[in-house]
Amino acid sequence: MSTVSPLSPDVLYQRCNPDIFSFTTTAEVEDLDRMLGQERALEAIELGIELDLQGFNLFILGPPGTGRHSFIRQFLQEKASSRGVPADWCYVNNFDEPRKPAAIEIPAGRGRHFREDMLSLIEEASSALPAAFESDDYNNRRQAIEQQASQEQEEALQEVQKRAEELGLGIIQTSTGFTFTPLDNGEAISPEDYNKLSEEEQQKLQQDTEIVGKELRNILRTIPRRIRKVQEKIHQLDREVALFAMESLIEELLQKYADLPKVIAFLKSVEEDIADNVDLFIPTDDKNTAVLKEAITGQHSIDKESEIAHRYSVNLIIDHKDDTVAPVIFEDHPTYPYLVGQIEHIEKLGALTTDFTLIRSGALHKANGGYLVIDVRKILMQPFAWDGLKRALKSREIDIKSIAQAYSLVSTVSLEPEPIPLDVKVVLIGDRILYYLLQEYDQEFLEHFKVAADFEDDMERSDVNIQQLARLIASVARKEELKPLDRAGIARVIEESSRHADDAQMLSTQMRRVTDIVREAHYWASRNGGEVIGAVEVQSAIDGQRRRMSRIRDRLLRETLRNTILIDTEGKVIGQVNGLSVLQHGDFAFGRPTRITTRLSLGSGKVIDIEREVELGGPIHSKGVLILSNFLASHYVTDRPLSLSASLVFEQSYGPIEGDSASAAELCALLSSLAMAPINQSVAITGSVNQHGQIQAIGGVNQKIEGFFDLCQARGLSGEQGVVIPASNLKHLMLRQEVVDAVADKQFNVYAVSNIDECMQILTGLETGERDQQGNFPKGSLNYRITARLIEFAENRQEFASKKKPEDAGQ
C-alpha cells in the first residue's frame with residue numbers, strides 16, 4: 001500500500017480571484033433586482049400568488065437568514081401594485097336586531113365619505129326635527145287631536161252625570177276617584193236627612209247608585225283605551241312630521257348612494273327608526289329636571305346628542321381612502337383578536353356592555369383583497385389563532401366571535417356581527433420542521449396551504465452566482481449608505497460565504513450573515529479612515545464575530561492546556577486516539593479534540609459502547625459502534641467466532657453524544673489494542689466507517705481541523721501534528737488562513753484517506769498489509785498482527801470452554 005502524503009495548501013482553501021470582477025468598487029455595480037439562488041422557490045411563489053383558487057396559499061420554508069421576509073415583502077408589493085384597491089367595510093346598527101350588527105361593503109375611499117355623510121345627516125336632523133315639532137301646524141294638529149279626545153271624554157262624563165241627576169243623584173270627584181250623593185232639589189242632602197228617608201227610598205237610592213256607578217265605571221274603563229288612541233294618533237302625527245322633515249334631508253344621500261343597495265336599505269331603516277324614536281331629537285327635560293332625576297335614581301343621564309350620534313354612527317373598520325394598491329399586511333403578533341378581530345366592552349354601572357361601535361378589525365380584515373404574511377411559529381404559539389385562521393380560509397368569510405363568551409369566561413351581553421366575505425392570499429413563513437409536522441399531524445393543513453416554496457441552503461459557486469452575489473452586496477451597501485467594497489473585499493466575502501456553506505464549491509444563501517459582515521466591515525473601514533472596504537476590513541469583521549462568540553471555546557482550550565481536560569498532542573499510546581467533535585452554540589460552531597480509549601479482554605465478540613450503556617450515546621452513534629464488531633469479524637477472522645470483549649469510551653465526556661463521525665477513530669483505537677501498536681497522539685482523526693472499512697464523509701470538517709490546530713498551536717507546532725479526514729470531504733475544505741499557512745510551512749498536516757488501512761498507516765506508522773492470493777496478510781504487517789490476536793482470542797475461548805465442561809460434569 002502506498003504511503004498517504006499530506007495535502008498541499010492549495011487543496012485546503014478555494015480562493016476567489018479578485019480579477020474576475022470588472023469593477024474597481026461596488027459603487028460601479030448595478031443593483032440586483034432578483035432573488036439569488038432560489039429559482040425553485042421563485043417558481044413556487046409565482047404559482048401560489050398567481051393561481052387564484054381556494055386553498056392555494058403559500059408556505060415558505062427554509063432556514064432563517066436567507067432573505068425570505070424581505071423578498072416576499074418586495075415581491076408582494078410588486079404584485080399588489082397590479083391589483084385594484086379592495087372595498088371599504090363598515091358596521092352599522094341593526095335596528096331590528098341590535099345584537100347582530102350589519103356589515104356594509106363600500107367601494108374604496110367612499111367609506112369615509114359615508115361616515116361623514118351620516119354625521120352630517122344626524123346634525124341636520126337634530127336641528128330640523130325640533131323645528132318641525134315647534135311649528136304652528138304641528139301644534140294645531142296635535143291640539144286638535146287632544147281637544148277631540150278631551151271633548152269625547154267630557155261628553156261621556158256629562159251623559160253619566162245627566163243620567164245620575166235624573167235618578168236624583170249627584171257625582172262628586174274626590175282625590176281618590178268619584179262618589180255619589182242623593183240630591184233634593186239639586187242640593188246634596190245631609191246624612192241626617194238621608195237617615196230620615198224610608199227604607200224603600202234608601203233601597204231605591206242604592207239601586208240607582210249601582211246603576212249609575214256601573215255606567216261611570218264603564219266610562220272610566222274606556223279612558224286608557226282613549227288615551228292609547230290619542231297617543232297612537234299623536235305618534236302617527238309625529239311619524240308623519242318626522243318623515244316629512246327627513247325626506248328632504250335623506251333624499252340627497254339616497255341619490256348619492258343609489259348604486260349601493262345595502263347603503264340604501266340602511267338609510268331607509270335610519271329614516272324609519274328616527275320616525276319611531278323622534279323623542280330622541282325633541283328636548284324634554286330641563287337642566288334642573290335632569291339633575292333631580294340623577295339625584296333620585298343615582299344614574300348619570302345620557303346626553304341625547306351623544307346617544308343620537310352613537311345610535312346612527314358608522315363604524316368604519318376598513319378604510320382604503322389613502323391606499324393606491326392592494327394591501328400587504330405583515331402580522332407580527334397574530335393573536336386571535338388581532339387576526340380575526342374582536343368585540344370590545346366598556347363598563348357601565350358595574351356591568352360590561354358593548355355595541356356595534358366597539359367592533360374592531362383584525363389582520364384578515366386589513367389584508368382582505370390582498371396578501372397576509374404570518375410567521376407560522378408565532379401563530380402556532382397563540383391560543384385559538386391557528387384554528388381561527390383555518391376556519392376563516394375554509395368558510396371564506398371573517399366571522400368575529402368572542403372567545404371569552406364562547407368558553408363562558410365572562411357572563412355578559414355580546415354581539416354576533418354579520419360575517420364579511422374573505423378574499424385573501426395567506427403566506428406563512430417558517431422552518432422546515434414546522435411544515436413537515438403540520439403536514440403530518442394537521443389533516444386540514446394541505447387543504448389550505450397547497451403550495452410550498454422551499455428556500456435553498458446553498459447554491460453553486462459559479463461565476464454567474466459570484467457576480468450576482470457581488471451585485472447583491474453592492475445593493476445592500478448602496479441602500480444602507482455603507483462604504484463600497486473593492487474587488488479584494490468582495491472576494492473575501494465570497495470566500496467566507498463558501499466557508500459558511502461548509503463547501504468550497506458552494507455559496508451560502510443565508511444572506512443575513514453576508515450582509516452583517518459587510519456592515520461590520522463598514523465600521524472597521526470608518527475606524528481606519530478608509531473610503532472603501534477592503535479585504536483587511538472584511539477579515540476584521542469576521543475575526544470580530546468569531547471572537548465575540550468564542551468564550552466557551554477559549555475556556556475549553558484553556559482547561560486543556562492546564563491538563564484539566566486530558567488530551568495528548570505528542571507521544572504514542574496503545575488503544576488511545578484523539579477524536580474530533582463539533583460543538584454548536586447558536587450560530588457559532590467550533591471543533592474540539594476528545595480522547596477515545598478502548599480496553600480488550602476475552603469475551604463473546606461484543607463491543608461495548610459505554611456511552612450507549614449509560615444512555616449518553618444517540619442512536620446514530622450507537623449504530624456506528626455496532627458496525628465495528630461486524631467489520632472485525634468479516635475482515636479478519638471469517639472462519640472463527642469473534643471472541644473478544646471490547647469497551648469504548650469518550651473520556652471526560654459528560655453530555656449526550658450523537659453522530660457517527662467518531663466511528664473511524666473508535667475502530668482505530670480498537671485495532672491499535674488488538675495489534676498492540678501505539679497510536680501517534682500528535683495526529684487526530686475524524687470520519688465515519690462502514691462495514692467494508694471505507695471512510696465516509698462527515699460534517700464540520702473545517703471546525704474539527706481548526707479545533708485540533710488551535711490546541712497544537714497553543715502548545716507549539718512541531719511539524720508532526722495533523723488531522724486525518726475522509727477524502728470525500730476534500731471539496732468541503734475552507735480552512736482559516738493561519739491553518740493554511742502552517743501547512744505551507746510544513747508545521748501542520750492534513751491527510752485525506754479512503755479506508756481504515758490508510759488511517760492506521762498514518763496513526764501507527766506501520767504497513768497495514770494486503771491479503772495475498774491465499775488470503776493471508778504479510779507476516780509482521782499490522783493486519784497480520786490483528787488477525788493473529790483475534791485467532792488467539794478464539795483459541796483461548798475454545799480452550800476455556802473445553803476446560804469448563806469437565807468441571808461442570810464433575811459437579
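The next thing to look at is the sheet that holds strand 23 (residues 606-609). A sheet is described by the order of its strands in space; here 7 strands give the open sequence 23-24-22-21-26-29-30, paired in mixed fashion. Only two strands of the sheet have a single neighbouring strand rather than two, namely strand 23 and strand 30 (749-753). For this sheet the average axis-to-axis angle between neighbouring strands, irrespective of direction, equals 30°. As paired strands, strand 29 (residues 722-726) and strand 30 are joined by 5 bridges and run parallel to one another. Its bridge partner being in strand 30, V723 is matched across the sheet by V750. Sheet contacts for helix 24 (residues 619-635): strand 23 and strand 24 (644-650); angle to strand 23, the most-contacted strand, approximately 155°.

This next bit is on the sheet that holds strand 2 (residues 88-92). The pairing of strands in a sheet happens through backbone hydrogen bonds and is either parallel or antiparallel. Read from one edge of the open sheet, 3 strands run 3-2-7, paired in antiparallel fashion. In this open sheet, the two strands that pair with only one neighbour each are strand 3 (102-106) and strand 7 (315-318). The average undirected angle you get between the axes of adjacent strands in this sheet is 30°. In the sheet, strand 2 pairs with strand 3 via 5 bridges, with the strands oriented antiparallel. For W89, the partnering residue across the bridge sits in strand 3 and is E105. Helix-sheet contacts for helix 4 (residues 110-133) involve strand 2, strand 3 and strand 7, and the interaxial angle to strand 2 is about 30°. The strands touched by helix 8 (residues 261-276) within the sheet are strand 2 and strand 3, with strand 3 carrying the most contacts at an inclination of about 130°.

This part is about the layout of surface pockets. In this model, the largest pocket occupies a volume close to 1,000 Å³. Around the largest pocket, the lining comprises 35 residues; the ones closest to its centre are H500, R513, D587, F588 and A589. Elements with a contribution of two residues or more to the lining of the largest pocket: helix 19 (487-500), helix 20 (511-528), helix 21 (535-549), strand 21 (576-585), strand 22 (588-602) and helix 26 (701-715). If one sorts the elements of the lining of the largest pocket by residue count, helix 21 sits on top with 5 residues. Among the residues forming the lining of the largest pocket, the class breakdown is 8 nonpolar, 12 polar and 15 charged. Around the second largest pocket, the lining comprises 27 residues; the ones closest to its centre are G67, S70, F71, Q74 and L472. For the lining of the second largest pocket, the secondary structure elements donating two or more residues are helix 3 (68-80), helix 18 (463-479) and helix 20. A total of 7 residues in the lining of the second largest pocket trace back to one element, the largest contributor, which is helix 3.

To locate leftover empty space, one rolls a probe as large as a water molecule over the atoms. The full count for this structure, using the stated rule, is 2 cavities of 30 Å³ or more. As a volume, the largest cavity reaches approximately 120 Å³. If you go around the largest cavity, the residues you meet are R553, L556, L557, T560, I565, F590, G591, R592, P593, G707, D710 and L711. Contributions of two or more residues to the lining of the largest cavity are made by helix 22 (551-561), strand 22 and helix 26. Residues of the lining of the largest cavity, tallied by class, amount to 6 nonpolar, 3 polar and 3 charged. In this model, the second largest cavity occupies a volume close to 30 Å³. Looking at the lining of the second largest cavity, the elements that each hand over two or more residues are helix 19 and helix 20. Here the lining of the second largest cavity takes 4 residues from helix 19, the largest share from any one element. Classifying every residue of the lining of the second largest cavity by side-chain character gives 3 nonpolar, 3 polar and 2 charged.

For strand 30, a buried count of 5 out of 5 residues is recorded, marking the element as mostly surrounded by other parts of the structure. Burial of strand 30 is two-sided: the residues N749, Y751 and V753 facing one way and the residues V750 and A752 facing the other way are all buried.

Along helix 14 (residues 385-395), the residues classified as buried are A385, W386, G388, L389, K390, A392 and L393. Backbone geometry just after helix 14 places R396 at a positive phi near 60°.

Before going further, it helps to examine the pattern of salt bridges. For the coordinates displayed, the defined rule picks out 38 salt bridges. Where K100 meets E97, a salt bridge forms, and the shortest distance between an N and an O atom there is 3.7 Å. Note on E97: relative accessible area 42%, which makes it partly exposed. Members of the salt-bridge network, linked through shared partners, are R499, R553, D554, E706, D710, R736 and E738.

Right, let's get into helix 20. The first and last C-alpha atoms of helix 20 sit 26 Å apart over 18 residues, in line with the 26 Å expected at 1.5 Å per residue. For helix 20, the full list of buried residues reads M511, V514, T515, I517, V518, E520, A521 and A525. Immediately beyond the C-terminal end of helix 20, within one or two residues, lies G529, with a positive phi of roughly 75°.

Right, let's talk about the side chain of N315 for a bit. On the secondary structure map, N315 appears in strand 7. Take N315: its relative accessible area is 12%, and that puts it in the buried class. For N315, the side chain forms a polar contact with the main-chain oxygen of F356, separated by 2.8 Å. Not counting chain neighbours up to four residues away, the residues in contact with N315 comprise W89, C90, Y91, F356, T357, L358, I359 and R360.

Okay, a nonpolar patch on the surface next. A cluster of nonpolar side chains, I433, L437 and Y441, forms an exposed patch at the surface whose accessible area comes to about 350 Å². Relative to the helices and strands, L437 resides in helix 16 (residues 432-441). L437 sits in the partly exposed class, given a relative accessible area of 39%.

Judged by nonpolar contacts, the single largest core of 45 residues is most densely connected at L671 and I685. Residue assignment for this core shows that the elements contributing at least two residues are helix 24, strand 24, helix 25 (663-675), strand 26 (683-685), strand 30, helix 28 (756-764) and helix 29 (782-810). At 9 residues, helix 25 tops the list of elements feeding residues into this core. Apart from the residues lying within four places of it in its own chain, the contact partners of I685 are V577, N578, G579, L580, A664, A665, C668, V724, C759 and L763.

Another aspect to go through is the packing of helix 20 against helix 21. Helix 21 packs onto helix 20 with a crossing angle of 115° between their chain directions and a minimal axis gap of 8 Å. Considering the angle they form, helix 20 stands roughly perpendicular to helix 21. Of the two elements, helix 20 crosses helix 21, and the hand of that crossing is right-handed. Residues R513, D516, I517, E520, A521, W524, A525 and N528 of helix 20 form the contact with helix 21, whose own contacting residues are E537, V538, S540, A541, I542, Q545 and R548. Across the contact of helix 20 with helix 21, the residue classes break down as 7 nonpolar, 3 polar and 5 charged.

The next point concerns the packing of helix 25 against helix 28. Packing of helix 25 against helix 28 brings their axes to within 10 Å, and their N-to-C directions diverge by 65°. Seen from above, helix 25 lies across helix 28 with right-handed handedness. Residues A664, L667, C668, L671 and S672 of helix 25 lie in contact with helix 28, whose contacting residues are I756, C759, M760 and L763. Here the residues of the contact of helix 25 with helix 28 sort into 8 nonpolar, 1 polar and no charged.

Procedures and definitions
- Residues numbered from 1 in each chain as written.
- Predicted model: local features only at pLDDT ≥ 70, side-chain atom pairs only at ≥ 80, totals over all residues.
- Heavy atoms only, no water.
- Pairing = 2+ DSSP bridges.
- Helix = DSSP H or I, 4+ residues; strand = E, 2+ residues; numbered from the N terminus.
- Axes fitted to C-alpha atoms, helices over the stretch in contact; angles between N-to-C directions.
- Contact = heavy atoms within 4.5 Å.
- 1 Å grid on protein atoms, 1.4 Å probe; cavity = no way out; pocket = protein on both sides within 12 Å on 5 of 7 lines; lining within 4 Å.
- Points joined across faces, edges and corners; volume = space filled by probe spheres on them.
- Nonpolar A, V, L, I, M, F, W, Y, C, P; charged D, E, K, R; others polar.
- Buried < 20%, exposed > 50% of the residue type's maximum accessible area, 1.4 Å probe, protein only.
- Salt bridge = Lys/Arg side-chain N within 4 Å of Asp/Glu carboxyl O.
- Expected span 1.5 Å × (residues − 1).
- Polar contact = N/O pair within 3.5 Å; in protein donor to acceptor, adjacent residues only side chain to side chain.
- Patch = residues over 30% accessible without salt bridge, like charges linked within 9 Å, V, L, I, M, F, W, Y side chains within 5 Å.
- Areas by Shrake-Rupley, 256 points an atom, 1.4 Å probe, with all protein chains shown as cover.
- Core = buried A, V, L, I, M, F, W, Y, C linked by side-chain atoms within 4.5 Å.
- Parallel < 35°, antiparallel > 145°, perpendicular 65-115°, else oblique.
- Left-handed = near helix turned anticlockwise from the far one by under 90°.

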